[in-house]
Structures are given as C-alpha cells and as structure tokens.
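Spelled out from the first residue to the last, the chains are:
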Amino acid sequence: MELVSQNQCFGGTQSVYRHRSEVCGGEMTFGLFLPPQAGNRPVPLLWYLSGLTCTHENAMTKAGLQRHAAEHGLALVFPDTSPRGEGVADDQAYDLGQGAGFYVNATQKPWSRHFRMYDYIVSELPDLLMAELPLSGVHGITGHSMGGHGALTIAFRNPAQFRSVSAFAPIVNPTRSDWGRKQFSAYLGDDEAHWVEYDACLLLAERGWAGEILIDQGATDQFLEQLRPEAMASLIAERRQPGVLRMQAGYDHSYYFVASFGEDHVRWHAERLNAA
C-alpha cells in the first residue's frame, strides 16, 4: 500500500492509497477512513461501493459519512469502480468500461483481462486491508446505484463475510434493466444463465438473507425505470424477508440524497457490526 494523501478528519484520518492489484492487472486506488477509536483497538469496516462514472473520491468527498463513522467507531473504505489506465479496455459510453465495472468478474474479451471487480472487492482488497490496518474483521457493505447493486449481490453471495448490508438507490434487477443487460452481455456473454449471480433479486429469491436489509430510494429519482425498486419491494414482501425499502419523497439520484440518509445507514450498520 502506497500512501497518496492523508488528512485529519473528525478525530481520525482520511487517507488515499494505491497498490498493485494482481486481480485487476494494474494499479488500483482507494480511500480509507480510520476513526479515532482505531488508535486504541481494531474496529469494524463498512464498505461503500460507488456508482457509474465515480472513482474512489466521489463518496469520500460528497457523502459526509466520516462524521457518523467517527461517532460509531467504524472504518470506511471507498474502492474505485473499475480498473483504469493505459491498456485497460474502455468504451465511449459512460455506462460501460472504465468507471463502470459493475462489480462482476468479466469473462469476455477485451474486458476479462482487467475487469474482475467482484474478486477485487471480495478477496484481494479485504486481504490487503486486514493485513495492514487495525481492523476487527467484522464487515458491512453499502453502496449507491451500481454500487448498491454491488453491495447487495456481494453480501447475498458472501453472508459469512458481510454481517450487514444496505443500499442507496440500487440497481436491484439488472437482468431486467438496460443498466444490466447491456453490461452483462458485454462482460459475461449472451448466455443469461451466467448473469444470475449478479442480480440481487434473483439471488435473494434463491438464497435469501439471514439478516435485515435497508434500502433507501428517492421517489423522484430520474432513473427509477432502470433501478426497478418495485421488484425488490415485491420480493421482500413475498419472502417475508426482514428489511425495509423506504421511498423518500422528493429525493433524486444525486449525492444530496446519499448525504441526507447517510447517517441513518452508518448508524444502522454500527448497531449490527459493533454487536458482532
């Protein structure tokens, strides 16, 4: 881990690191907030996965989560949304290629060489963080939009690793959305049987989730047709799944929405992670 920058923040430290990723075949950058409590004891870690076009920096500077994390003694990690750099495949569209990794392991060329964000989030980056930082090994995960999709699918597939899961305006049913079908076809191929493990609704229907789920969705979100919150709400009711999907009147898809409900999500995770 190479330290790029570090600033004092709410009694803790907000740092940016970069490192060589074997999984993604290049250099990756991430943000890391350590609360003041980390000076005395290992602390739980809350993952925040960002959405389309974002880097590690968007949520780190716009979501305002550090103040709440410091209050509850949680570390925060803000990974990038894709591999980047010279030689990494890209596309002119904003929703494919660099900045749009969709937290999958690509199997199709030219994406398969670098776009292995699922393994990066589930295996490589956790191993690096646990080896280098004062973390307790108790993890929760959240995210926004494409990152909400990533948070839900990764948690549902790895319940022993992630104790809590929430999301802001997630893409919950990408196999039935243009934000999903386009990308999955490119990254995973046209056989839709390979898409199932990256669809939160399909995973929840098949595997369930032992804990609770918290989802916030802006009622005036300009991307509601892509996000399909009604599919998740119906599934939660049908399965009698503990959890809540809150439609927030007047809120859109922006980081103003994330910042407005970030305190709720950090507190919600802290109650579950600090009790573990």
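See the structure shown above.
For clarity, every value in this text was computed on a predicted model and none was experimentally measured.

## Focus on the overall build of the protein
No. 1: From N to C terminus, the protein includes nine helices and nine strands.
No. 2: Relative to a compact globule of 276 residues, whose C-alpha radius of gyration would be 19 Å, the protein shows 17 Å and is just as compact.
No. 3: With 276 residues in all, the protein has 58% of them scored as buried.
No. 4: A fraction of 71% describes how many contacts in the protein between residues 6 or more apart in sequence connect residues 24 or more apart.
No. 5: As displayed, the protein offers around 11,100 Å² of accessible surface, 46% of which is attributable to carbon and sulfur atoms.
No. 6: Between the averaged position of the 21 positive side-chain charges in the protein and that of its 31 negative side-chain charges there is a distance of 3 Å.

## Section: the sheet that holds strand S9 (residues 243-248)
No. 1: Across the sheet, which stays open at both edges, the nine strands sit in the order S1-S2-S3-S5-S4-S6-S7-S8-S9 with mixed pairing between neighbours. What marks the edges here is a single partner per strand, and that holds for strand S1 (2-9) and S9. Averaged over all adjacent pairs, the angle separating strand axes in this sheet is 20 degrees, with direction ignored.
No. 2: Here three bridges tie strand S6 (residues 135-143) to strand S7 (residues 162-168), and the two strands are oriented parallel to one another. Of the residues in S7, the one forming a bridge with His139 is Phe162.
No. 3: Its contacts with the sheet place helix H8 (residues 229-239) against strand S8 (213-218) and S9, and it is angled at close to 145 degrees to S9.
No. 4: In this fold helix H9 (residues 255-273) packs onto strand S4 (43-49), S6, S7, S8 and S9, with an angle of close to 165 degrees to the strand it touches most, S7.

## Description of the pattern of salt bridges
No. 1: Counted according to the given criterion, the structure contains 15 salt bridges.
No. 2: Two residues, Asp80 and Arg84, come together in a salt bridge whose shortest N-O distance is 2.7 Å.
No. 3: By relative accessible area, Asp80 is classed as buried at 5%.
No. 4: The exposure class assigned to Arg84 is partly exposed, which follows from its relative accessible area of 28%.
No. 5: With a closest N to O distance of 2.7 Å, Asp216 and Arg246 form a salt bridge. Separated by 30 residues along the polypeptide, Asp216 in strand S8 and Arg246 in strand S9 bring together distant segments of the chain.
No. 6: Its relative accessible area of 0% is what places Asp216 among the buried residues.
No. 7: What emerges from the salt-bridge pattern is a single network uniting Asp216, Arg246, Glu263, Asp264 and Arg267.

## Focus on the packing of aromatic side chains
No. 1: Per the counting criterion, the structure on display carries 16 aromatic pairs.
No. 2: Taking the centre distance of 6.5 Å and the plane angle of 80 degrees together, the rings of Trp47 and Phe162 count as edge-to-face. You can see Trp47 sitting in strand S4 and its partner Phe162 sitting in strand S7, a full 115 residues away along the chain.
No. 3: One aromatic cluster is present, built from ring pairs that chain together Phe102, Tyr118, Phe184, Trp195 and Tyr198.
No. 4: The ring of Tyr118 has Arg157 sitting right over it, with the charged end atom 4.0 Å from the ring centre.
No. 5: One residue, Arg157, lies across the ring of Tyr198, its end atom 5.1 Å from the ring centre.

## Brief notes about helix H6 (residues 200-207)
No. 1: Here H6 has its buried residues at Ala200, Cys201, Leu203 and Leu204. Buried residues of H6, seen end-on, are gathered within an arc of 165 degrees and therefore sit on one face of the element.
No. 2: By the N-cap criterion, in which a side-chain oxygen at the helix start approaches the backbone nitrogen of a residue two or three places on, H6 is capped by Asp199, the distance to Cys201 being 3.0 Å.
No. 3: Gly208 occupies a position one or two residues after H6 and carries a positive phi of about 70 degrees.

Rules used throughout
- Residues numbered from 1 in each chain as written.
- Predicted model: local features only at pLDDT ≥ 70, side-chain atom pairs only at ≥ 80, totals over all residues.
- Heavy atoms only, no water.
- Helix = DSSP H or I, 4+ residues; strand = E, 2+ residues; numbered from the N terminus.
- Rg over C-alpha atoms; globule rule 2.2 N^0.38 Å.
- Buried < 20%, exposed > 50% of the residue type's maximum accessible area, 1.4 Å probe, protein only.
- Contact = heavy atoms within 4.5 Å.
- Areas by Shrake-Rupley, 256 points an atom, 1.4 Å probe, with all protein chains shown as cover.
- Lys, Arg positive; Asp, Glu negative; His and termini not counted.
- Charge placed at Lys NZ, Arg CZ, Asp CG, Glu CD.
- Pairing = 2+ DSSP bridges.
- Axes fitted to C-alpha atoms, helices over the stretch in contact; angles between N-to-C directions.
- Salt bridge = Lys/Arg side-chain N within 4 Å of Asp/Glu carboxyl O.
- Phe/Tyr/Trp six-rings, centres within 6.5 Å; stacked < 30°, edge-to-face > 60°.
- Lys NZ or Arg CZ within 6 Å of the ring centre and 35° of its normal.
- Arc of directions from axis to C-beta.
- Polar contact = N/O pair within 3.5 Å; in protein donor to acceptor, adjacent residues only side chain to side chain.

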